[in-house]
Amino acid sequence: MHAELDTEPVGIIGRINRCAALFQQVGDAPLGRAELTRPEFEVLCAMRRVGGELTPGRLARETFASPAAVTKRVRGLEVRGLVARRIDGRDRRVAHLSLTPAGVELVDDILPQQLSYEKNLLADLPEGDRADLAHILADLLLLLEGRLGGIER
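First, a word on scope: everything that follows refers to the structure included in this document.

Structural notes on the overall build of the protein chain
Here is step 1: From N to C terminus, the protein chain includes seven helices and two strands.
Here is step 2: Its helices and strands taken in sequence order, the protein chain reads α-α-α-α-α-β-β-α-α from the N to the C terminus.
Here is step 3: Taking 2.2 N^0.38 as the reference for a compact globule, 153 residues should give roughly 15 Å; the C-alpha atoms of the protein chain span a radius of gyration of 19 Å, well beyond that estimate.
Here is step 4: Seen through its principal axes, the protein chain has C-alpha atoms that stretch 65 × 35 × 25 Å.
Here is step 5: In the protein chain, which comprises 153 residues, the proportion classed as buried is 22%.
Here is step 6: Pairs at least 24 residues apart make up 54% of the contacts formed inside the protein chain by residues separated by at least 6 positions.
Here is step 7: Accessible surface, the protein chain as shown: approximately 11100 Å² in total, 58% of it carbon and sulfur.
Here is step 8: Averaging the positions of the 21 positive and the 23 negative side-chain charges in the protein chain gives two centres separated by 8 Å.

Quick notes on unusual backbone geometry
Here is step 1: Of note, glutamate 35 is a non-glycine position whose phi angle comes to about 55 degrees, a positive value.
Here is step 2: Position of glutamate 35 relative to the elements: it lies in the loop between helix H2 (30-33) and helix H3 (38-50).
Here is step 3: A positive phi is found at phenylalanine 64, a non-glycine position, where the angle reads about 55 degrees.
Here is step 4: Locating phenylalanine 64 in the fold gives a position in the loop between helix H4 (56-63) and helix H5 (67-79).
Here is step 5: We classify phenylalanine 64 as exposed; its relative accessible area is 72%.

Points about the nonpolar core
Where a protein is soluble and globular, its nonpolar side chains tend to be buried together.
Here is step 1: Ranked by size, the top nonpolar core spans 23 residues in total, and within it Leu36, Leu44, Met47, Leu59, Val74, Leu77 and Val83 carry the most contacts.
Here is step 2: Residue contributions to this core peak at six residues, all from H3.

Structural notes on H3
Here is step 1: Here H3 is 13 residues long and its end C-alpha atoms lie 18 Å apart, about the 18 Å a rise of 1.5 Å per residue gives.
Here is step 2: Those residues of H3 that sit buried are Glu40, Phe41, Val43, Leu44, Cys45, Ala46 and Met47.
Here is step 3: In this structure, the buried side of H3 is in contact with H2, H4, H5, strand E1 (83-87), strand E2 (95-99) and helix H6 (101-122).
Here is step 4: Positive backbone phi, approximately 75 degrees, marks glycine 51, located one or two places after H3.

Things to note about the environment of glutamine 113
Here is step 1: As for its position among the elements, glutamine 113 is in helix H6.
Here is step 2: Taking the C-alpha atoms as reference points, glutamine 113 and arginine 18, separated by 95 residues in sequence, lie 24 Å from one another.
Here is step 3: Ignoring any residue separated from it by four or fewer positions in sequence, one finds glutamine 113 in contact with Pro30 and Arg33.
Here is step 4: Engagement of the side chain of glutamine 113 in a polar contact is seen with the backbone oxygen of aspartate 109, the distance being 3.1 Å.

Calculation rules
Residues numbered from 1 in each chain as written. Predicted model: local features only at pLDDT ≥ 70, side-chain atom pairs only at ≥ 80, totals over all residues. Heavy atoms only, no water. Helix = DSSP H or I, 4+ residues; strand = E, 2+ residues; numbered from the N terminus. Rg over C-alpha atoms; globule rule 2.2 N^0.38 Å. Buried < 20%, exposed > 50% of the residue type's maximum accessible area, 1.4 Å probe, protein only. Contact = heavy atoms within 4.5 Å. Areas by Shrake-Rupley, 256 points an atom, 1.4 Å probe, with all protein chains shown as cover. Lys, Arg positive; Asp, Glu negative; His and termini not counted. Charge placed at Lys NZ, Arg CZ, Asp CG, Glu CD. Core = buried A, V, L, I, M, F, W, Y, C linked by side-chain atoms within 4.5 Å. Expected span 1.5 Å × (residues − 1). Polar contact = N/O pair within 3.5 Å; in protein donor to acceptor, adjacent residues only side chain to side chain.

Below you can see the structure in the form of structure tokens.
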């Protein structure tokens, strides 16, 4: 059936999707134990890396996420007491976000654990292959963001 069709993309995208699904399933990982999603973790890490206060727009740029997604993630982290929001005194439309002491403590505690966990997941893949995979995925991500970034979903 359809022997003339090139099915290579199905194999590539299918494998990427399956890897992503397996990474998302792992409940015993440090992020799962802390009841954090990967995107929430990325927000916390970006805030810790930048330090001080930052606006939601800057946080969106730091995490390569849409402003709407950042707003949703920050809201959940605020409820948990990990992120604080301060409204700008001169322009009430502008918010300044910062990690609370509990947020700093969580990032500082979980980051080494999560890095170790992820390193173990990839440990059986030879070092050169890991480097190649990282470069290929970075290139693919740039291509996809350029093509799909403006498409209505």
